[in-house]
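# Structural features, examined
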Amino acid sequence: MEFHGPSTVDEAVSLLAADEDARCLAGGATLVAMMNADLVMPSALVSLRHIAALGGIAADAGGGLRIGAMTTHREVADAAGLDGAHALISETARAIGHPAIRNMGTIGGSIGHGDPQADYPAALVALDASVELRGPDGARAVPAQDFFVDYLETALQPGELITAVTLPPSPAGGFGAYEKFARVEGDYATVSVAAAVAMEAGRCRYVRVALGSCGPIPVRAEDAEARLAGTALADEDVAAAAAVLRDACDPVDDVRGSGEYRMMLVEPLLGRALRAAAAKGGAR
Amino acid sequence: MNDYVSPVGQGIPRLETRDKITGRAVYADDMSRPDMLVGVIVPSPHAHARITGYDVSAALALDGVAAVVTGVDIGDHKIGPFVKDETALAVGKVRYMGEPVAAVAAVDLETARQAARLIDISYEELPAVFDTDAATAADAPALHEGFADYIKVFEADSDRNAMAIIEIVEGDVDAAWERCAAIVEGSYETQAQCHTYMEPCSALAEIDSNGKITIWSSNQSVFHVQSFVADSLGLPMSKLRCVTPQVGGAFGGKMEQTVQPAAAALARATGRPVKVTLSREQDFEMIRSRHPGKVWMKTGAAADGTLLAREVRIVLDAGAYADDSPGVAGIAALFCRGPYRIENVSIESRPVYTNKLRSGAFRGFGGPQVAIAGETQIDEIADRLGMDPIDLRLKNVVLPGEEWMIGVALNKAGLSECLERVRAACGWDAKRKAVSNGSGRKRGIGLACIPHISGVLTSGAIVRILEDGTAVLNTGAVDNGQGSDTVLVQICAAALGLEVDQVSVATPDTDGSPYNWGTTASRVTYMAGRAVVAAAEDAVAQLKQRAAVMMECAEEDLELRDGGRIGIKGVPEAEIGFRDISGFSHWVAGGPVIGTNSLAYDGPDFDPKRGYLKGFPFGKIGAWIFAAQAVEVEVDEATGRIVPLKVWSAHDIGKAINPTAVEGQIQGGIVQGLGYALCEEMVWDSGRLANPSLMDYKIPGIMDVPPEIDTMLVEDPDEHGPFGAKGVGEPPIVGIAPAISNAVAHATGTRLRRLPMTPERVLRALRG
Ligand SMILES: Cc1cc2nc3c(=O)[nH]c(=O)nc-3n(C[C@H](O)[C@H](O)[C@H](O)COP(=O)(O)OP(=O)(O)OC[C@H]3O[C@@H](n4cnc5c(N)ncnc54)[C@H](O)[C@@H]3O)c2cc1C
């Protein structure tokens, strides 16, 4: 097996394009574990560690946010001064695994792996994020919602890599909350809910919701959001929205819980996430 | 010289702590020998199959491969602590997925793993059974066709795949039911729990030119290693030297064979040192687990709360090999009455073979499987009779001077005090009155009592006084990380009147250590501790004998004085130190002082007149210990999650030799008990273990443990224990699940009878 440590994105792209069995290596938390278990046997590893352009969190002039692919979960968790709903991404990063994993894992590696049990995917969908990609044919941006294609499958094409995740400006008066339910602290979510909400005079003016671990990709249902919009997020509103979301879910049975149990969690966790997000606005 | 403080009762840091914290401690896998090879074990891919052929040629042809061994090479030498039914590498048949079938040694791990993949073994699959119902069905395949001819160390009936039927009967339950005002009955199910020791199993074996094999390995008894390796390879014990470096936890999982026979077989085949260390996944799939249990129980009490009768049927899933199953089933039978005076009992316990990983010893040893039934039924009876659960227990608990079932006398029994201490500390009376209403998060508090033993089988000790008057202690007892080296040194130092740092402790080594049955059954402090006190007393007697010559007086006139001196009674200035005495013994007369002791547990016998006992696989057993544990919980009615808020745990331990170590044992047991109660469960998908990793099998982490655990030590010295001490290792794990089930019933009115009490099971139960 070969090991490369390029210092530019172009170099990395050409290494990946030249060998279809090459894999890029970010934090290695997942990839190396899979190699140890004989689940993947790459012919070459292209380490992204020395590519400065892939690091850093930066706000743009319009109020958007750009998070480089090699930014660790810890850096996102500790990022200071994120506005309104953008703080949801930090809250989500704090919910990933435990400190050792947050120090190793990166946002590019997390979404590049395409695991629907991971925490970032739902949060990125709820935040209307885009994924910036670069490949042999140049750069492109894919909405988070379209980036996740199936279980462990993403929109990444051969030779492509993730360079960054971008968030649009936070909706006016918007706040987010991430509700993760796991067997023990640090486990993957049994079910998670990411919500971004803006309240006005006690009514919901803006709402985005996405569920994690409820299907092969993050689950979003515009009808559920429409059902919540304009309401005070009362119990019956949450219940009705949860019913719509459940129809969009296709959860598996595994050691973290049965699919049926995951469905049972949707309504209470949705209520908690929405109310926590709304309460942050109220506290202002 | 009155500034000497006896080391007994001092919470000193453990002797090896600094090495462990700084990473210097040497575990088996840290070791290396010149020219060493790495061994890898090939697991069975089938749950039940006949082996029809081996082709190891491709593996042997691989560059860097030194040897491959299979069951054919090591031969049909059967091992097993209760039933000799297992070979170190499968012979003829495999009986669970993950069973070792071959082993390969190569120059490095990568080559060995690659070679393992090239070993081609052909199988003919057989029908398999994955639970005890299927295994006991009329048409179930026999897992062990030759069972009747196996060597067994106990006598019991057996039935199909039920390898033993253990019965205890006293009084007349059928007649007693009629006198009961409250009767509860229920079925309970418990899961396989993984020992999840931090250090996966590891062994390094090296052979010398006389064919003697030295094995360094992670284990709970260096003498068991010697015995099962000798049996499995057909070697005399004198050809095996077994040594134990630091051990990173065991909890019962390393009591019997792990990878030592394979390492020794590879060393013998190659003539070179070979180290075998399992990956976490292989350790999960290959070694052993706690027995899944199915328990049916019925308990009855008179209107005044007097418990009158209990009937119990226990079925334990033993997996493919007997291992410690008959022992675990026997202890489950012995403990399932609970620590109460119940005059009419009828108990039957059956360990049953299935095509899964073998079950074996695990902290609690049959206690946890029956405690969830027994201790929740006590609460249900209290509920029916409108009594407080602690009042009901206090009315029925065994008292000092009474007998256990089958007539084993209890000299001390501090359970009433444990109950009173917990009741006061947790604010029981007020908390039980508070009723949770509304929905959302509900609080409740529950309690459980635990009986256990700490006296069984044999131990020894050697105390040698070195030339300068300091000492070295050798017991052969393996410290699994629970702190026994420290505690035994404290006992030895106190018995000699020395400081802790004047006593060295020897590494367990079958060439030099006295026999110790094992670090198991909560017995090392009690059993090895007794041997240490007696060996130290023997050394003191020899010191007095030498001192009498030196001081020209009678031995009877001499006394041991603190600080390592022998003096003449009543004459404070007439004394000599150990250094002078030991110099005299080494160089002038008397010879080096070597104090020794060996003992077998010598408690009271069973009383055959008291009841009917059949198939029980232990002889004398005793030095009873008791505990009471309470847990306060919050139940999230929307998700079903149980959050433990605080635990109170009171233990009848005789005397705390090292209070800090005792509290560490209690806290560790409680955390493992929380895992058993709430989240730990090995899950099989037919024969395949579905969660053989720490990613999928979850133990509680620091954030899952309540911020406060209140431990209480009830110290009423045992007349035979070293400085009055008894054991503590196992009880702390046992009461947590029933206490939580009782707390959930208090909070929500819902009764949980299946472990672990996962949020999913709780939510389903809450919704009826
Ligand atoms: C014990 C443990 C617990 C965990 N718990 C959680 C949890 O609770 N929640 C959670 O969300 N996650 C969890 N994770 C996953 C972890 O957070 C990381 O997200 C994950 O390890 C991937 O990040 P990485 O940087 O380590 O990527 P790597 O392991 O290096 O790579 C993962 C995959 O992504 C590809 N890749 C990496 N970077 C890029 C890129 N820039 N462009 C394209 N492809 C790329 C790699 O080729 C590989 O296929 C856990 C992991 C472990 C080991």
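In this report, we go over the structure that sits alongside the text. Values in this document were obtained by computation on a predicted structure and should not be read as measured data. (Residues numbered from 1 in each chain as written. Chains lettered and ligands numbered in written order. Predicted model: local features only at pLDDT ≥ 70, side-chain atom pairs only at ≥ 80, totals over all residues.)

Time to look at the overall build of chain A. When helices and strands are tallied, chain A shows 11 helices and 13 strands. What you see for chain A is a C-alpha radius of gyration of 19 Å, in line with the 19 Å of a compact globule of 284 residues. Across its three principal directions, the C-alpha atoms of chain A cover 55 × 45 × 35 Å. Looking at chain A residue by residue over its 284 residues, the buried ones come to 50%. Counting contacts in chain A only where the partners sit at least 6 residues apart, residues at least 24 apart contribute 65% of the total. (Helix = DSSP H or I, 4+ residues; strand = E, 2+ residues; numbered from the N terminus. Rg over C-alpha atoms; globule rule 2.2 N^0.38 Å. Buried ≥ 20, exposed ≤ 12 C-beta atoms within 10 Å, placed from the backbone. Contact = placed C-beta atoms within 7 Å.)

What follows concerns the site of the ligand. Neighbouring residues of the ligand: 32 residues in total, closest A:G27, A:A29, A:G105, A:G109 and A:G112. Of the chains in the model, those with residues near the ligand are chains A and B. Counting only elements with at least two residues in the shell around the ligand, the list comes to β2 (22–25), α2 (31–36), α5 (99–104), α6 (107–113) and β10 (161–167) of chain A. With five residues, α6(A) is the largest single contributor of residues to the shell around the ligand. Grouping the constituent residues of the shell around the ligand by class yields 18 nonpolar, 12 polar and two charged. (Near = placed C-beta within 6 Å. Nonpolar A, V, L, I, M, F, W, Y, C, P; charged D, E, K, R; others polar.)

This next bit is on the pairing of strand β1 (residues 37–43) of chain B. All names here are of chain B. When you tally the buried positions in β1, you get six out of seven residues, the bulk of the element. In terms of strand pairing, β1 meets strand β13 (residues 274–277) through three bridges, oriented parallel. Its bridge partner being in β13, G39 is matched across the sheet by V276. Alignment of β1 against strand β5 (residues 100–106), held across six bridges, turns out to be antiparallel. Following the sheet pairing, V40 is matched in β5 by V104. (Pairing = 2+ DSSP bridges.)

For the rest of this paragraph, the subject is the interface of chain B and chain A. Listed as interface residues are 14 residues of chain B and, on the opposing side, 13 residues of chain A. Here the residues of the side of chain B that touches chain A are counted per class, giving seven nonpolar, three polar and four charged.

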